[in-house]
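Here is how the chains run, residue by residue.
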Amino acid sequence: MLRFLNRLFSRDRDKGGSKNVAMERLKLVLVHDRVNACPQLLEALKEDLIRVIREYIEIDETALDITFDSMENTVALVANIPVLKIKKGLV
Amino acid sequence: MKGKVIVITSGKGGVGKTTTTANLGTALTMLGRRVVMVDTDIGLRNLDVVMGLENRIVFDIVDVVTGGTKLKQALIKDKRFEGLYLLPAAQTKEKTAVSPHQMKTLCNELKKEFDFVLVDCPAGIEQGFKNAISGADEAIVVAVPEVSSVRDADGIVGLLEAAGLNKNQLIINRIRPRMVKRGDMMDIEDMIDILSVDLLGVVPEDEIVIVSTNKGEPAVMDTSSRAGDAYRRIARRLNGEEVSMLPLNHSEGLMNKFRRMFKMASR
Ligand SMILES: Nc1ncnc2c1ncn2[C@@H]1O[C@H](COP(=O)(O)OP(=O)(O)O)[C@@H](O)[C@H]1O
Ligand SMILES: [Mg+2]
């Protein structure tokens, strides 16, 4: 009986609640939705990335691929950038 | 006199746009303002039944914008409230019977006569939505604390901004404090954080909304209704008053008391 009442009135149950799952899923879905609503964003980001990386590394620009992915409890920007050659004598 | 056109929208259907329009319209007239509610859900009109005015319809919005009928003839006066009017949607026509341009002209006409023009938007993002927002000065986005509704609300905010509407405020409807407390429902902060819009108000889940809809009497008429109370507070905010947000669990004082008593007893 005590245990039942304790459970009934217990405050600290929200750790494992389904809301956390909902929030994580929503965040990822919205990242994709917002990117899809504005495809120019990803293109502009790609171009800028290439420009910066080219200063240090020779890369295969045509094979460059960036996506969004869900990690533990965040959304990650994942870039796959095939390296051709590291420039010498920069450091 | 120049009023404000506010569109009530959500993307997803069934989250409370029509309920919100009816209650805010009624509550604003209770504050002494002149209000017209425009139902733009052509083919699926509902605001008339929620308001209990379905038997008074003679003309509708399509009759007005296509030229034949004078606005004054089509507006239904709600005899229970001084200054409250309804322009009903057409039930038998297509959404394309009204164009965004016609809607804009209509709204401009209405805001000469009224303090608030509340536009009840249909679900979706097609022609009906485009019509509804075309004459709006600002928007109220209604969302319930569920993944699909929040997602749609986010999309709608994007579309509103793209259409040049920048004052978009959120009403969170049907929140259930008990589910929030046990971690099974998104809370207010979660939703604002995700959507990054300003909060206009929070309306709890309340059976009285259904009872009041059954009777055709908006919940704000029932002074004991929690949802009605929430809508009255939102109306005061729209009317320019500073009204504090109620703590979510204000209705659960008794539970808290029990919890505290029990904790003491079990020590
Ligand atoms: N706060 C609330 N508590 C309980 N029921 C509600 C609440 N808000 C809306 N409802 C109910 O939800 C249903 C959909 O509401 P409605 O206003 O017609 O949504 P929409 O216009 O967005 O399609 C209706 O049956 C209504 O009575
Ligand atoms: Mg509706």
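Here is a short report on the structure shown in this document. This one's a predicted model, so the numbers in the text were calculated from it and none came from an experiment.

Cut-offs and rules
Residues numbered from 1 in each chain as written. Chains lettered and ligands numbered in written order. Predicted model: local features only at pLDDT ≥ 70, side-chain atom pairs only at ≥ 80, totals over all residues. Heavy atoms only, no water. Phe/Tyr/Trp six-rings, centres within 6.5 Å; stacked < 30°, edge-to-face > 60°. Helix = DSSP H or I, 4+ residues; strand = E, 2+ residues; numbered from the N terminus. Lys NZ or Arg CZ within 6 Å of the ring centre and 35° of its normal. Near = heavy atom within 4 Å. Polar contact = N/O pair within 3.5 Å; in protein donor to acceptor, adjacent residues only side chain to side chain. Areas by Shrake-Rupley, 256 points an atom, 1.4 Å probe, with all protein chains shown as cover. Nonpolar A, V, L, I, M, F, W, Y, C, P; charged D, E, K, R; others polar. Salt bridge = Lys/Arg side-chain N within 4 Å of Asp/Glu carboxyl O. Buried < 20%, exposed > 50% of the residue type's maximum accessible area, 1.4 Å probe, protein only.

Focus on the packing of aromatic side chains
Residues and elements named next belong to chain B.
Item 1. Scanning the model with the defined rule gives one aromatic pair over all chains in all.
Item 2. With a centroid separation of 5.4 Å and an interplanar angle of 65°, the aromatic rings of Y85 and F114 are classed as edge-to-face. Highlighted residues: Y85 in strand β4 (residues 84-87) and F114 in the loop between α5 (100-113) and β5 (116-120), separated in sequence by 29 residues.
Item 3. The lysine or arginine in question, R34, covers the ring of F114, its NZ or CZ lying 4.9 Å from the ring centre.

Concerning the site of ligand 1
Residues and elements named next belong to chain B.
Item 1. Neighbouring residues of ligand 1: 16 residues in total, closest G14, K17, T18, T19 and N173.
Item 2. Between N173 and ligand 1, the recorded distance is 2.9 Å, taken from a side-chain N or O atom to a nitrogen atom.
Item 3. Its free accessible area being 570 Å², ligand 1 has 80% of it covered by the protein chains.
Item 4. Looking at the shell around ligand 1 residue by residue, the classes come out as five nonpolar, seven polar and four charged.

A few points about the pattern of salt bridges
Item 1. Under the definition given, this model contains 20 salt bridges over all chains.
Item 2. With a shortest N-O distance of 2.9 Å, A:R51 and A:D48 are connected by a salt bridge. Of this pair, A:R51 and A:D48 both sit in helix α3 (residues 39-53), three residues apart, which is roughly one turn of that helix.
Item 3. The exposure class of A:R51 is partly exposed, given its relative accessible area of 46%.
Item 4. A relative accessible area of 40% places A:D48 in the partly exposed class.
Item 5. Taking the shortest distance from any N to any O, the salt bridge between B:R182 and B:D184 comes out at 3.0 Å.
Item 6. The exposure class assigned to B:D184 is partly exposed, which follows from its relative accessible area of 28%.
Item 7. Linked by salt bridges that have partners in common, A:K19, B:D187 and B:D190 make up one network.

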